[in-house]
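Understanding the architecture of this molecule
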Amino acid sequence: MSVQVKLPSALRPFADRQEQVALDGKTAGEVLDALFARHGGLKKQLLTDDGKMRNFVNIYVNDDDIRDLKGLNTPVKDGDAVLIVPAIAGGSATAEAALTKEELQRYHRHLILPEVGPEGQKKLKSAKVLCIGAGGLGSPLALYLTAAGVGRLGLVDFDSVDASNLQRQILHDTPSVGTSKLVSAKKRLNALNPNVDVQLHEQRLTSANAIDLFRQYDVIADGTDNFATRYLVNDACVLTGKPNAYGSIFKFEGQLSVFGAKDGPCYRCLYPEPPPPGLVPSCAEGGVLGVLPGVIGTMQALETLKLILGIGKPLIGRLMLFDALAMEWRTLKLKKNPACAVCGPGATIKAPIDYEAFCGLKTPPQAMPEISVEELRDKLARKDRFVLLDVREPHEYELASIPGSTLIPLGAVAERSGELDITKEIVVHCKMGGRSAKAVDILLKKGFKAVNVAGGIHAWSERIDPGVAQY
Amino acid sequence: MSLSVTKAVEALVRSAAEAAFPEECCGFLLGPTPEDFEVLGRPVVVEAVRPLPNGWESGERTRRYQIDPKLLAKVEEELSGSGRSIVGFYHSHPGVPAWPSPFDLLRAWPCYSYWIVSVMEGKTAGSRSWMRSEDGESFIEEAVEVA
């Protein structure tokens, strides 16, 4: 009964430099014993001190791994080949994230929970979470994930801290106004927990960079404030297979779910298309109650921890709706949409698309007729014949307005354009110039001669009349 | 002691490492079976490389690589009797230096050269080659010579 044992090049020095050795035995184990009896040096390389096969050694009988057969009891017959095949593996990370003495103290309340314990804490330490946005939702997300001890926390933002952020963005403080949001965030997070590797991605998230960025993380937490980025985050999560702990807020209401999980629905399953531009105002335009992002952001952080730890029932296939005024939560069941363009079986989106165009945010090719606030001042001084149309909401009009303006909120412009004198030039303004541009577009199509006031009432207050309040 | 590679081999490994970023790449180093393969400081000549799929589970490939043992057995069989063999392995370390990790050491075999390429922000940022010490307790660096 002669069996050929074939040795990889790295073992030949321990077997008189032979490629193969002919040995006798009825089983793979017997053949290996015979091999070790003849070449003692091999035993040390392949077996642990207590005689077990090392985990980086594979034994094959002909073409099959003996783990799939009967292990060392796998029978062998004359002419069979027994192959010793290295299991080659490695990588950049340490074998396992060990907890230091300081971390054992810091995470004590986690460690005594059987559902978390040292194993769970090590999972957190090995985990990499990417927060999209370091604003209202990103603040509680980043703070709690840092406190809980995730290994790496990535932050994507390109803004600087504005005074109007501080009413809810608790990651930033008054001395940080005017400085980079990410620098401000890192300072706070490092002070909270220096064990966390805070990675700053000071850039706009785009179709070009999202995939590479998401691949470097395990969980994505979406704290964005606009539809274009929200669809981008969703699609990039689905395309890279990363779960998205999603939250969004507006005025007094919040939404929460986990999208893009394996077999779960995605944001597009819920909303295949964005609302028409301008229909849903952003928080900057519509306002948001201060504590609300804290409620939703902390729950996103909670879902992120559950996803990492693999405990409980994550919010996959469920959408939670929060009404702060009624203090009510509602949970809706979500199903995967078989016709979904990104996660359905016939998905057409294979790479990130142009989300600005998808959300109708691309400005029309013809240049928007525009005047500056200085030109508006001169027009008013000359008492030119024109209508100054304000397309903001009534509560904004109460806070600040330009004398002599007519108020028709953007949502009503199409319907109420008949109230405007078509023989006069219509000069349109809003807070910053975004909504008024949409109104100009509507009016131009209806045959009006309309122009937009660049920078809106905000620019008016800054450059013409500081007596007009900024809000 | 050194790992000698051709310029073409170096270029191949660099492009494989950058293409795989942020995941790790891996592959075989092929060349004449060194005499005294087990002796620290033995020269190793790499004539060719064979890029391989990273066989580690998908979520962890940014920090782990694994080579399918069946592919290794197949290449050993192809080279049998030719005087050439698998003389080592290359893999990349995305975002970290080309030092072997404790996990690399845990899984290291004797004799082979372990050539590690660091990739920072998608671009290769130096490479170093290592051989396991006889006792398995550490890695000893060997110079990489590109000719």
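What comes next is a walk through the structure. (Residues numbered from 1 in each chain as written. Chains lettered and ligands numbered in written order. Predicted model: local features only at pLDDT ≥ 70, side-chain atom pairs only at ≥ 80, totals over all residues.)

1. Observations regarding the overall build of chain A
The number of helices and strands found in chain A is 18 helices and 19 strands. The proportion of buried residues among the 471 residues of chain A is 41%. In chain A, the proportion of contacts linking residues at least 24 apart, taken out of those at least 6 apart, comes to 65%. (Helix = DSSP H or I, 4+ residues; strand = E, 2+ residues; numbered from the N terminus. Buried ≥ 20, exposed ≤ 12 C-beta atoms within 10 Å, placed from the backbone. Contact = placed C-beta atoms within 7 Å.)

2. Some words on the interface of chain B and chain A
Taken residue by residue, the interface counts 35 residues in chain B and 25 residues in chain A. Sorting the residues of the side of chain B that touches chain A by element identifies strand S5 (65-66), helix H2 (69-79), strand S6 (84-94) and helix H3 (102-106) of chain B as the ones contributing at least two each. The element contributing the most residues to the side of chain B that touches chain A is S6 of chain B, with 7 residues. Here the residues of the side of chain B that touches chain A are counted per class, giving 19 nonpolar, 9 polar and 7 charged. (Nonpolar A, V, L, I, M, F, W, Y, C, P; charged D, E, K, R; others polar.)

3. Some details on H2 of chain B
Inspection of H2 of chain B places Pro-69, Leu-72, Ala-73 and Glu-76 of chain B among the buried residues, and these make up the whole buried set. Along the long axis of H2 of chain B, the arc covered by the buried residues comes to 100°, so they all point the same way. Its buried side turned inward, H2 of chain B meets strand S3 (57-61) and strand S5 (81-86) of chain A together with S6 of chain B. Positive phi appears at Gly-81 of chain B, one or two residues downstream of H2 of chain B, with a value of about 80°. (Arc of directions from axis to C-beta.)

4. Some points on the pairing of strand S7 (residues 113-120) of chain B
All names here are of chain B. Of all the 8 residues making up S7, 7 are buried; the element is thus mostly covered by neighbouring parts of the structure. Sheet topology places S6 next to S7; 7 bridges connect them, and they run parallel. When the bridges of S7 are listed, Pro-94 appears paired with Val-119. In this sheet, strand S8 (residues 123-132) lies alongside S7 in antiparallel orientation, the contact comprising 7 bridges. (Pairing = 2+ DSSP bridges.)

5. Considerations on the sheet that holds strand S16 (residues 386-390) of chain A
Here we have 5 strands laid out as an open sheet, ordered S15-S19-S18-S16-S17 (chain A), and parallel in their pairing. Since the sheet does not close on itself, it has two edges, and those belong to strand S15 (370-371) and strand S17 (406-407) of chain A, each with one partner.

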